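Next come the chains, spelled out residue by residue.
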Amino acid sequence: MDDDLDTLLDALHREGIEHDATKPDRFDRLRNVEPDTARLLAVLVRATRARAILELGTSNGYSTLWLADAARATGGRVTSVDIDPDRSRLAAANLDRAGLESLVGLTVDDAARVLADSPAEAWDLIFLDAERPAYPDYWPDLVRTLRPGGLLVVDNVISHADQVRDFRAVVAADPRVTEALAPTGAGALLVAREPAPAR
Ligand SMILES: C[S@@+](CC[C@H](N)C(=O)[O-])C[C@H]1O[C@@H](n2cnc3c(N)ncnc32)[C@H](O)[C@@H]1O
């Protein structure tokens, strides 16, 4: 990562914390991912050579910038979805500041609809960071749209364990995937779709 992007990400992270501290209503907060989790995502994109990357929950684009920088390294591209057009506009401005706008398609839509409209096996890596109660309903499309061997990363599984309990039970019961909990940041659940059998 170049120094300018590193500096911008540090500033965004600091500003995000300061912003959120002034907002009693969680829906007014930016709720950026922890830097350690963002770094983990950046490593996972590179290690899996993910090229088709889907982010569900853009906010102001903090995690999107990390994903886009990693996509630049793999020759990939990020599609990032947020239901809130104001958030998406903030993300667009931050991507412009970082010079990463050509690597990201920002979509203002419901995550459920984007998943439902995605073709089977469309995504190499999905980062899920939206409204947790909806996650169990996303599951059939999450598995369907991950390519075999693809990776789903879900944030906040330790910080909001009660809100993801049902989702985690669904994931744990599904033989098409293998999961591991990374106790990084707010807790990242890593879910790998089984690879296609070797020929
Ligand atoms: C935790 S924040 C995302 C933080 C971002 N990933 C980051 O680290 O900077 C959650 C975002 O999900 C968006 N969101 C909530 N429900 C959604 C839905 N059904 N579809 C798409 N986005 C949604 C919110 O508007 C909010 O910006």
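Higher on the page you've got the structure.
Being a predicted model, the structure only gives us computed values, none of them experimental. (Residues numbered from 1 in each chain as written. Predicted model: local features only at pLDDT ≥ 70, side-chain atom pairs only at ≥ 80, totals over all residues. Heavy atoms only, no water.)

Draft legend 1. Broad picture of the side chain of Thr64. Positionally, Thr64 belongs in helix α3 (residues 62-74). We classify Thr64 as buried; its relative accessible area is 0%. The contacts of Thr64, once residues within four sequence positions are left out, are Glu55, Thr58, Val78, Ser80, Leu95 and Val104. (Helix = DSSP H or I, 4+ residues; strand = E, 2+ residues; numbered from the N terminus. Buried < 20%, exposed > 50% of the residue type's maximum accessible area, 1.4 Å probe, protein only. Contact = heavy atoms within 4.5 Å.)

Draft legend 2. Representation of the site of the ligand within the structure. Neighbouring the ligand are 22 residues; Asn32, Val33, Gly57, Asp82 and Asp129 lie closest to it. Between Val33 and the ligand, the recorded distance is 2.7 Å, taken from a backbone N or O atom to an oxygen atom. (Near = heavy atom within 4 Å. Polar contact = N/O pair within 3.5 Å; in protein donor to acceptor, adjacent residues only side chain to side chain.)

Draft legend 3. Fine view of the side chain of Arg87. Of note, Arg87 is situated in helix α4 (residues 85-98). For the buried Arg87, which has no salt bridge, the nearest side chain bearing the opposite charge is Asp84, at an N-O separation of 4.3 Å. Beyond its immediate chain neighbours, meaning those up to four positions away, Arg87 contacts Phe27, Asp28, Arg29, Leu30, Ser59, Asn60 and Asp82. (Lys, Arg positive; Asp, Glu negative; His and termini not counted. Salt bridge = Lys/Arg side-chain N within 4 Å of Asp/Glu carboxyl O.)

Draft legend 4. A look at the nonpolar core. Formed by 31 residues in total, the largest nonpolar core has its most connected members in Ile53, Leu65 and Val153. For this core, the elements supplying multiple residues, two or more each, are α1 (3-21), α2 (35-47), α3, β4 (123-128), β5 (146-154) and β7 (188-193). Not counting chain neighbours up to four residues away, the residues in contact with Ile53 comprise Val45, Leu67, Ala71, Arg77, Val78, Thr79, Trp123 and Leu125. Counting 25 residues, the second largest nonpolar core, distinct from the first, contains Leu115, Ala130, Trp139 and Leu152. (Core = buried A, V, L, I, M, F, W, Y, C linked by side-chain atoms within 4.5 Å.)

Draft legend 5. α1, seen in detail. Under the 1.5 Å per step criterion, the end-to-end length of α1 is 27 Å for 19 residues, consistent within 8% with the ideal 27 Å. Here α1 has its buried residues at Leu5, Leu8, Leu9, Ala11, Leu12, His13, Gly16 and Asp20. On its buried face, α1 sits against α2, α3 and α4. (Expected span 1.5 Å × (residues − 1).)

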